[in-house]
Every structure is written in structure tokens, then in C-alpha cells.
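Now for the letters of each chain:
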Amino acid sequence: MRRPFIAANWKMNKTVPEAMDFIYSFLPSVEEVTDADIVIAPPFTALFGIAERLAGTNVRLSAQNVFYEEKGAFTGEVSPLMLVDVGCEYVLVGHSERRQYFGETDDIVNRKIRIAQKNGLNVIFCVGETLKERESGRTYNVLRTQTVNGLKDADVKKLVVAYEPVWAIGTGKTATPEQAQDAHKYIRNTLREVYPGDADSIRILYGGSVTPENVDSLMACADVDGALVGGASLKPDSFEKIVNFTRGN
Ligand code: 13P
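In this convention, every chain numbers its residues from 1, walking through the sequence in written order. Local features in this predicted model are restricted to residues whose pLDDT is 70 or higher, and side-chain atom pairs enter the listing and the counts only when it is 80 or higher, whereas totals over whole chains, interfaces and linings include all residues. Only hydrogens and water are set aside; all other atoms, that is, all heavy atoms of the structure, feed into the side-chain values.

Novice: If you had to explain the environment of Ala63 to someone new, which residues and values would you point to?
Specialist: Of note, Ala63 is situated in strand β3 (residues 59–63). We call a residue buried when its accessible area falls under 20% of the maximum for its residue type, exposed when it is over 50%, and partly exposed in between, using a 1.4 Å probe and counting protein chains only. Among the residues examined, Ala63 registers a relative accessible area of 0% and is labelled buried. For the pair Ala63 and Val86, spaced 23 residues apart in sequence, the C-alpha to C-alpha distance is 9.9 Å. Helix and strand assignments come from DSSP, with helices taken as H or I runs of at least 4 residues and strands as E runs of at least 2, each series counted from the N terminus.

Shown next as C-alpha cells:
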């Protein structure tokens, strides 16, 4: 049984005061949770303040992006050393919004994963197909290519995978539990090729319009080990309900 992993991706939302307000009301509501990893990925500007408040709690900090070099003349970028320095233990890499709007290729994603892990960060590695790819029967192909190319020489011990079908992100259109399980199982089989022997211990999260209403049915799937939540993670009460999804046996 893999330990559930529930992560909030706030994307480009929340000022520092808004982020701190969230943390102050959210933390007490999950302080009893000992059977899941809880992670929050705020925007860069809120990392420092939130890190101070999370110290000693059961909630861990993630960044939403990282650059693939450690330092130098890369105006506007943030290095893995800086993320560790500010208190991050995780970083999101390969999110479809980065691939789509910022031209991140599998090669860039792979460089980011390797440098993040080299500096001690755990990576939440995102993969997922677009609607066009799904409708043209290329879902498995896309998932396989992104997984194999993205994880070249990556460290299995510092890795969580997130399956986020692009057509389900921010659309209110969730994958059915059957669709999610099918994709997760395929990803796990692909992971067996990359990490023979370790694939069964890697957590695979589902992301794409997860809500308090649909989290239980998704988490009941054999290969769904957690959730990566966007919109429904912006309010403390809805994210708390997702963290406290109904545990099976
Ligand atoms: P939504 O939950 O808003 O669909 O976003 C999912 C996501 O992209 C999380 O990384």
C-alpha cells in the first residue's frame, strides 16, 4: 500500500497576505492527519513566508518551477539551490502549462528533474495527453514518451509522478475513475521499464478538476495514489476535504 500524497498547485494565484491567510486556517484542519503526505505549491513570492509557518508541521513545501542550472546569468530564473535555501522539499516539473505556454520539451523537463534531484529536491513529475492526442488514439504513446524521456537518469527515490490529462485541467471535466486507472496502470508499467524493481513503490497522483466530491472515487482506484489539485486547493475548506478523503481498507 502506497502512502497517499495530496498536493496543492496554486498556479499564479494569491498574494503573500492571501497565502498566509490560507495557511493559518488550513493547518489546524489537517494537523491530525498522519497517514498522508500533504504538500502545497504556492507561487515563488509566497514561499519564504509560508516556509516559516510550515516549519515543524505535517505540511511540506513545493515550488511550481525550477531552472536547469544552479546559478549564473539567467535573468528571471530561480535555481534549485535557492528553492532548497527557502525551505522547499519538492518542485513541480513538466506541468502541461509549462509545456504548452513556455515551450518546455521533454529534454528541458529532464534537465530540470536531474538538477533538482541533485540538489536534494523531490520532484513531482507531470505527464498527460491533450484532447487531440486522446481522440486520435495517441494517449499511451504520449504518456510513454513523456515518461521515458523525462526520467532519463532520474533518481527514483526523489520522485512522484502526476498524471494530468490536459483536457481535464481547469475544465471541470474530470477523467472517470476507469480512465484514470487505465492511464495510471499504463504509466506504472512504463515505469517498470525505467526503474525495474521500483515501479510498485512510486506514487502516481491524478490531477485535473479534482474536487471534494470526486476525490473518493479517484482515490479508490488501485493505481491512483494521490491527487494534484489546482482550483479546489485555493480554498482551505475544500483542500482540507480533499486531504481528508474517505480512506478505504
Ligand atoms: P485543476 O484542479 O484546476 O483542474 O488543475 C489541475 C492542475 O493542473 C494541478 O497541477
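Novice: Before we move on, could you go through the packing of helix α1 (residues 16–30) against helix α2 (residues 44–54) and cite the residues and values that matter?
Specialist: Relative orientation of the contacting elements α1 and α2 amounts to 25°, with a least axis distance of 9 Å. Here α1 lies roughly parallel to α2, going by the angle between them. In this structure, α1 meets α2 at a crossing whose hand is right-handed. Contacts between α1 and α2 involve Val16, Ala19, Met20, Ile23, Tyr24 and Leu27 from the former and Thr45, Ala46, Gly49, Ile50, Arg53 and Leu54 from the latter. The residue inventory of the contact of α1 with α2, partitioned by class, reads nine nonpolar, two polar and one charged. What counts as an axis is a line fitted to C-alpha atoms, over the stretch in contact for a helix, and the angles between N-to-C directions run from 0 to 180 degrees. When an angle is under 35 degrees it counts as roughly parallel; over 145 it counts as roughly antiparallel; between 65 and 115 it counts as roughly perpendicular; any other value is oblique. Crossings are classed by handedness, with left-handed meaning an anticlockwise turn of the near helix from the far one by less than a right angle and right-handed meaning a clockwise turn. Residue contacts are defined here by distance: any two heavy atoms, one from each residue, within 4.5 Å place the two residues in contact. As a working rule, the residues Ala, Val, Leu, Ile, Met, Phe, Trp, Tyr, Cys and Pro are called nonpolar, Asp, Glu, Lys and Arg charged, and the rest polar, with Gly in that last group.

Novice: Give me the lowdown on the pairing of strand β2 (residues 37–41), citing residues and values where you can.
Specialist: Counted residue by residue, β2 has five buried out of five residues, so it is predominantly covered. Residues Asp37, Val39 and Ala41 of β2 are buried on one face, and the alternating residues Ile38 and Ile40, pointing to the opposite face, are buried as well. Pairing between two strands requires that DSSP report at least two bridges joining them. Note: strand β1 (residues 5–9) against β2, five bridges, orientation parallel. Bridge assignment links Ile6 to a residue of β2, and that residue is Ile38. If the strands point away from the viewer and the path from the first strand over the helix to the second runs clockwise, then the crossover is right-handed. Between the parallel elements β1 and β2, the chain passes through α1 in a crossover that is right-handed. Across three bridges, β2 lies against β3 in parallel orientation. Each residue of the ladder has a partner; that of Val39, found in β3, is Arg60. Read from β2 through α2 to β3, the crossover connection turns out right-handed.

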